[in-house]
Amino acid sequence: MTDSLESADFIRDIIDQDLKNGVNSGRLQTRFPPEPNGYLHIGHAKSICLNFGVAAEHAGGQCNLRFDDTNPEKEDVEYVDAIQEDVRWLGFDWEERKYFASDYFEPLYHYAEELILKGKAYVCDLSPSAMREYRGTLTEPGRDSPYRDRGVEENLDLFRRMRAGEFPDGARVLRARIDMASPNMNMRDPALYRIRRVEHHRTGHAWVIYPTYDYAHGISDALECVTHSLCTLEFEDHRPLYDWILDQLDLPCRPRQIEFSRLSLEYTVMSKRKLNALVQSGMVAGWDDPRMPTISGLRRRGYTPESIREFCRCIGISKSPNRVELALLENCLRSDLEARSPRTMAVLRPLKVVIESWPEGHEEFLTAPIHPQNEAMGKRTICFTRELFIEQEDFRETAPKQYKRLVTGGEVRLRNAYVIRCREVIQDPVTGEIVELRCEHDPATLNANPVGRKVAGVIHWVSATRSVVGEVRLYAPLFTMPEPDALKGEIVDHVNPDSMEIVSGCRFEPILAEESVALPYQFERLGYFHRDRDSCPGAPVFNRTVGLRDAWSKIEQKL
RNA sequence: UGGGCCGUCGCCAAGCGGUAAGGCCCCGGAUUUUGAUUCCGGCAUCCCCAGGUUCGAAUCCUGGCGGCCCAGCCA
């Protein structure tokens, strides 16, 4: 499928080059480093596919899973469990290499003392607001902290007492001693350690000081012998700091940070802060709400790991700002689902049809392919009876000539069954609503075309007596504007109120009521559907993962 | 107005001095008991703009323009 001969992206080019040049003895080690402060989303999938993917493409290449858990205030075990489930579900395996930045708290601490000993770090007593003032602005240099020239002994003593819990939260920080006049804000003596009396989900109360991302990340990479540390563009400015820290210390390996642009997708948001706000507000049913761009949401919606991986392959890796169209994601989804989904018929909004030419009580069992393009998937049996249901929108009393479905007096093919003709329309005498169609069937049209005339339309149906009732949930994007990130105010206020439509009283082929149903199904002419966990015995609930391409809606719009 | 990065078709994205890949979308048409699938065909004389170098530039140089990121003891 993928042509391995052509260059894939600039990161793979760099890696190939490094490997060829024997950098790090020709080893390839990557890592996927989520912070356990939320659920993974499809943007993370891009990073996961890159990190695990590139490792898998090279003999001996490995990718670690490392939780970047340096900020206990926001982190939780719920997230570490969910993240592991999602990575595994996507099809990747970290084997025994599951690590936590918190595993390195002790060595991290000792490297910090080393920095102090070398005069490269100092304890600063400035308050957060004072530190901000001293930092300067984008256009003006900062000023040295009055604590910048503390002696090594004093720094060491103070830092040890920070660890020992002698000072209140926020009273002091350990800072790198770099350059307060640097045009790069990250180099203006960034904080390395802060005092925070918060229970950590893994180390409990063992620590009252916690390292910052900038300090911990590079060292964690080096300790794991990571060769290529791939991250998103916003860390580009941090790379000089990443390199600075590694340069000061004697570490087992020298990782290289390379940045790529993060994924943006139309009609959704990707920041964990905003996703969290949606969850907390109750606007969505949770992190795994089928409308969410989270891995768990996509999974519940019915996306397959294969389709997400294919999507990540399609979007590529670059440094350009991007906002990918939903159509691309849906294309990857449909092409996977098309190939693997068994076919079935379901009627979402039933309209009763009585076949007057069919004997009362008579049942005929017809066979239909499970997949018209793949005979190997076998056949299924469907039951034809006198009373049927068709889709309300598949009948019109009058219609433009392009309309190929059932009209008054007209004929249509019932999929996998007979051609029928509509003889009479029964309406509710009060409301005028169409409640029933009286039709007749042509017995000669089973598995055969009618003679002397053409029947263009084919519609789906279900037996009124041999079908089960259930619910279907239809989804639309969470936001109606392609770039919700650009919106002002609370993201929660912009949620599309019509992003979920619940349709009850739907009719399914009986197989769909079975609890063993785990596959994605194609409901013919309607789309791909996935059984939701809200299903009850005998009362199935299906999520529409994605609809089929719909040429008719385009034709209709032009009429 | 400091620093970093980016700018190739509506959306992604190859291209690395030799005369614009591919995918998605879109538009035609064929096949079709899913208006689905599949299949054919079309879709950038032009690469943010302007100069320059060169036999030759999207690719090199110069100067503009536009966009994104950075002033957390978040990651």
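Fair warning: this is a prediction, and the values are worked out from it, not measured in the lab.

In this section: the overall build of chain A. On a plain count of helices and strands, chain A comes out with 13 helices and 27 strands. Taken over the C-alpha trace, chain A has a radius of gyration of 31 Å; the compact-globule value for 559 residues is 24 Å, which it surpasses by more than 25%. Expressed as lengths along the three principal axes of its C-alpha atoms, the size of chain A is roughly 100 × 55 × 45 Å. Residues classed as buried in chain A amount to 53% of the 559 residues present. Considering only contacts within chain A whose residues lie at least 6 apart along the sequence, 72% involve residues at least 24 apart. For chain A, the computed accessible surface area is about 25,400 Å², with 49% contributed by carbon and sulfur atoms. Here chain A holds 73 positive side-chain charges and 88 negative ones, and the gap between their average locations is 2 Å.

This paragraph deals with the protein's contact with RNA strand B. Within the structure, RNA strand B sits among 71 residues, and Ser318, Arg343, Arg415, Asn447 and Arg549 are positioned closest to it. In RNA strand B, atoms within 4 Å of the protein come 64% from sugar and phosphate. Between RNA strand B and Gly170, the relevant distance is 3.0 Å, taken from a base nitrogen to a main-chain nitrogen or oxygen of the residue. The backbone of Asn416 places a nitrogen or oxygen atom 2.8 Å from a base oxygen of RNA strand B. Secondary structure elements with two or more residues in the surface near RNA strand B: α5 (128-135), β6 (191-195), α12 (326-340) and α13 (551-558). Considering each element in turn, the surface near RNA strand B owes the most residues, five residues, to α13. Here the surface near RNA strand B is built from residues that sort into 27 nonpolar, 19 polar and 25 charged.

Let us now look at the pairing of strand β9 (residues 256-260). Counting buried residues along β9, four of its five residues qualify, which places the element largely inside the surrounding structure. Here five bridges tie strand β8 (residues 228-232) to β9, and the two strands are oriented parallel to one another. For Thr232, the partnering residue across the bridge sits in β9 and is Phe260. For the handedness criterion, the β-α-β arrangement of β8, helix α8 (residues 239-248) and β9 is classed as right-handed.

Each α-helix turn comprises 3.6 residues. Residues three or four places apart therefore point the same way. The terminal C-alpha atoms of helix α2 (residues 42-56) lie 20 Å apart, and with 15 residues this matches the ideal 21 Å at 1.5 Å per residue to within 8%. Counting buried positions along α2 yields 14 of 15 residues, so the element is predominantly enclosed.

Turning to the sheet that holds strand β2 (residues 62-67), a few remarks are in order. The strand order β1-β2-β3 describes an open sheet built from three strands, whose pairing is parallel. In this open sheet, the two edge strands, each paired with only one partner strand, are β1 (29-32) and β3 (98-100). Averaged over all neighbouring strand pairs, the angle between strand axes comes to 35 degrees, with direction disregarded. Contacting β1 and β2, α2 runs over the sheet at an angle of about 160 degrees to β1. Helix α3 (residues 77-90) contacts β1, β2 and β3 of the sheet and is inclined by roughly 160 degrees relative to β2.

Turning our eyes to something else, we now look at the side chain of Glu411. In this structure, Glu411 sits in strand β18 (residues 411-414). Within the structure, the side chain of Glu411 is placed 3.4 Å from the side chain of Arg421, a separation counted as a polar contact. Of the polar contacts made by the side chain of Glu411, one reaches the side chain of Arg453; its length is 2.2 Å. Excluding its chain neighbours within four sequence positions, the residues that come into contact with Glu411 are Arg405, Leu406, Val419, Ile420, Arg421, Arg453 and Val455.

Turning to the sheet that holds strand β11 (residues 346-347), a few remarks are in order. Pairing in this open sheet of seven strands is mixed, and the strands run β10-β25-β26-β27-β23-β24-β11 from one edge to the other. Two strands bound the open sheet, and with one partner strand each, they are β10 (343-344) and β11. Bridging between strand β23 (residues 468-475) and strand β24 (residues 500-508) involves seven bridges; their strand directions are antiparallel. The partner of Leu474 across the bridge, within β24, is Glu501. Its contacts with the sheet put α12 on β10, β25 (521-523), β26 (527-531) and β27 (541-547), and the angle it makes with β27 is roughly 120 degrees.

Conventions we followed
Residues numbered from 1 in each chain as written. Chains lettered and ligands numbered in written order. Predicted model: local features only at pLDDT ≥ 70, side-chain atom pairs only at ≥ 80, totals over all residues. Heavy atoms only, no water. Helix = DSSP H or I, 4+ residues; strand = E, 2+ residues; numbered from the N terminus. Rg over C-alpha atoms; globule rule 2.2 N^0.38 Å. Buried < 20%, exposed > 50% of the residue type's maximum accessible area, 1.4 Å probe, protein only. Contact = heavy atoms within 4.5 Å. Areas by Shrake-Rupley, 256 points an atom, 1.4 Å probe, with all protein chains shown as cover. Lys, Arg positive; Asp, Glu negative; His and termini not counted. Charge placed at Lys NZ, Arg CZ, Asp CG, Glu CD. Near = heavy atom within 4 Å. Polar contact = N/O pair within 3.5 Å; in protein donor to acceptor, adjacent residues only side chain to side chain. Nonpolar A, V, L, I, M, F, W, Y, C, P; charged D, E, K, R; others polar. Pairing = 2+ DSSP bridges. Right-handed = clockwise from strand over helix to strand, strands pointing away. Expected span 1.5 Å × (residues − 1). Axes fitted to C-alpha atoms, helices over the stretch in contact; angles between N-to-C directions.

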